[in-house]
Amino acid sequence: DQQVKQNSPSLSVQEGRISILNCDYTNSMFDYFLWYKKYPAEGPTFLISISSIKDKNEDGRFTVFLNKSAKHLSLHIVPSQPGDSAVYFCAASNGGDKLIFGTGTRLQVFP
Amino acid sequence: DAGVIQSPRHEVTEMGQEVTLRCKPISGHDYLFWYRQTMMRGLELLIYFNNNVPIDDSGMPEDRFSAKMPNASFSTLKIQPSEPRDSAVYFCASSLGQGPRGYTFGSGTRLTVV
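Rules used throughout
Starting from 1, residues in each chain are numbered consecutively following that chain's sequence as written. Throughout, the order in which chains and ligands are written sets their labels, letters from A for the former and numbers from 1 for the latter. Local features in a predicted model are, by the rule used here, given only for residues with pLDDT of at least 70; side-chain atom pairs are given and counted only at 80 or more, and totals for whole chains, interfaces and linings are based on all residues. Neither water nor hydrogens contribute to the side-chain values; these are computed over all heavy atoms in the structure. Only when DSSP finds a minimum of two bridges between them are two strands counted as paired. In this text, helices come from DSSP runs of H or I with a minimum length of four residues, and strands from runs of E with a minimum of two, each type numbered from the N-terminal end. Here the term buried applies to any residue with accessible area under 20% of the maximum for its type, exposed to any over 50%, and partly exposed to those in between, with areas from a 1.4 Å probe on protein chains only. By definition, residues are in contact when any of their heavy atoms lie within 4.5 Å. We define a polar contact as two N or O atoms separated by no more than 3.5 Å, with the added condition that, inside protein, one atom must be a possible hydrogen donor and the other a possible acceptor, whereas residues neighbouring each other in sequence contribute only through side-chain atom pairs. The term disulfide is used for any two cysteine sulfur atoms that are within 2.5 Å. Think of it this way: a Phe, Tyr or Trp ring, Trp meaning its six-membered ring, pairs with another when their centres are within 6.5 Å, and the plane angle makes it stacked under 30 degrees, edge-to-face over 60, tilted otherwise.

Asks: Go over the sheet that holds strand E8 (residues 72-77) of chain A with me, naming the residues and quoting the values.
Replies: Residue and element names in this part refer to chain A. The strand order E1-E3-E8-E7-E6 describes an open sheet built from five strands, whose pairing is antiparallel. Each having just a single partner strand, strand E1 (4-5) and strand E6 (56-59) make up the two edges of the open sheet. Pairing between E1 and strand E3 (residues 19-25): two bridges, direction antiparallel. Bridge pairing links Val-4 to Tyr-25 in E3.

Asks: Summarise the environment of Ser-80 of chain A; cite the residues concerned and give the values.
Replies: Residues and elements named next belong to chain A. Within the secondary structure layout, Ser-80 lies in the loop between E8 and strand E9 (86-93). A relative accessible area of 2% means that Ser-80 is categorised as buried. As a C-alpha pair, Ser-80 and Leu-107 span 27 residues in sequence and 10.0 Å in three-dimensional space. If near-sequence neighbours (up to four positions away) are discounted, Ser-80 is found in contact with Val-13, Gln-14, Glu-15, Gly-16, Arg-17, Ile-18, Ser-19, Arg-61 and Val-109. Side-chain polar atoms of Ser-80 contact the backbone oxygen of Arg-17, separated by 2.7 Å.

Asks: Run through the state of the cysteines, naming residues and quoting values.
Replies: Residues and elements named next belong to chain A. This structure, assessed with the given rule, holds two disulfides over all chains. Shown here is the disulfide that connects Cys-23 with Cys-90, its sulfur atoms set 2.0 Å apart. With the S-S bond torsion at -75°, the cross-link from Cys-23 to Cys-90 turns out left-handed. Here the residue Cys-23 occupies a position in strand E3, and Cys-90 occupies one in strand E9, the gap between them amounting to 67 residues. Take Cys-23 and Cys-90: they sit in the same class, and that class is buried.

Asks: Now, about the packing of aromatic side chains: what can you tell me, with residues and values included?
Replies: When we look at a pair of aromatic rings, we describe it by the centre distance and by the angle of the planes. For the coordinates displayed, the defined rule picks out 17 aromatic pairs over all chains. Judged by centre distance (5.2 Å) and plane angle (85°), the ring pair of Phe-101 of chain A and Tyr-35 of chain B falls under edge-to-face. Linking Phe-101 of chain A in strand E10 (residues 100-101) with Tyr-35 of chain B in strand E4 (residues 31-38), this pair reaches from one chain into another. Counting every residue linked through ring pairs, the aromatic cluster contains Tyr-36, Phe-46, Phe-89 and Phe-101 of chain A together with Tyr-31, Phe-33, Tyr-35, Tyr-48, Phe-91, Tyr-103 and Phe-105 of chain B.

Asks: Got a sec to walk through the environment of Gln-81 of chain A? Specific residues and values, please.
Replies: All names here are of chain A. Looking at the secondary structure, you find Gln-81 in the loop between E8 and E9. The exposure class assigned to Gln-81 is partly exposed, which follows from its relative accessible area of 36%. Excluding residues within four positions of it along the chain, Gln-81 makes contact with Arg-61 and Val-109.

What follows is the structure, given as structure tokens:
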């Protein structure tokens, strides 16, 4: 049973425009959410996170939005750059030690 | 700091053979996690350790999979016997303290079972 779902396996965006990556979860006990970015042949690296007590967290070009009632979060990248092309994983935790990851969305930013 | 080190980077083996994947966590980190990446299931948690003790192995798919952490600087994930459906990228990650904020992943081992 996939508790964290990323329903879009891929996304293609023009450079300079906004990229919006979506993530849905089923476990209402999740209280912390993260986005990781992964380049080919490398391990995932932490990008940005948000606590369930907030609905928005911003870090430069990256903003994560959390809608607890809809059990939905999204990552906004603006403006998108070619170097943002990667696989993005959404992850969630229920206060314990471990992270539950989604299936990932491959973002391609073209000139 | 060299980060989390995994070996080998690539492994090709024949079905039925034993496979051992290795991980050296970041010095001082007290949590170690093994994940498997597949297209269908994304990043799946297989098992994790705290202070070298296995805490949750509920993600280990079958008895063919086993993991050990004999000391704070080394862990292995073993598959015996291997099957083609085990083909995936296996990642090791480590963190300091409880909570997921400080995961650092290794570069992964791409396993192909033919």
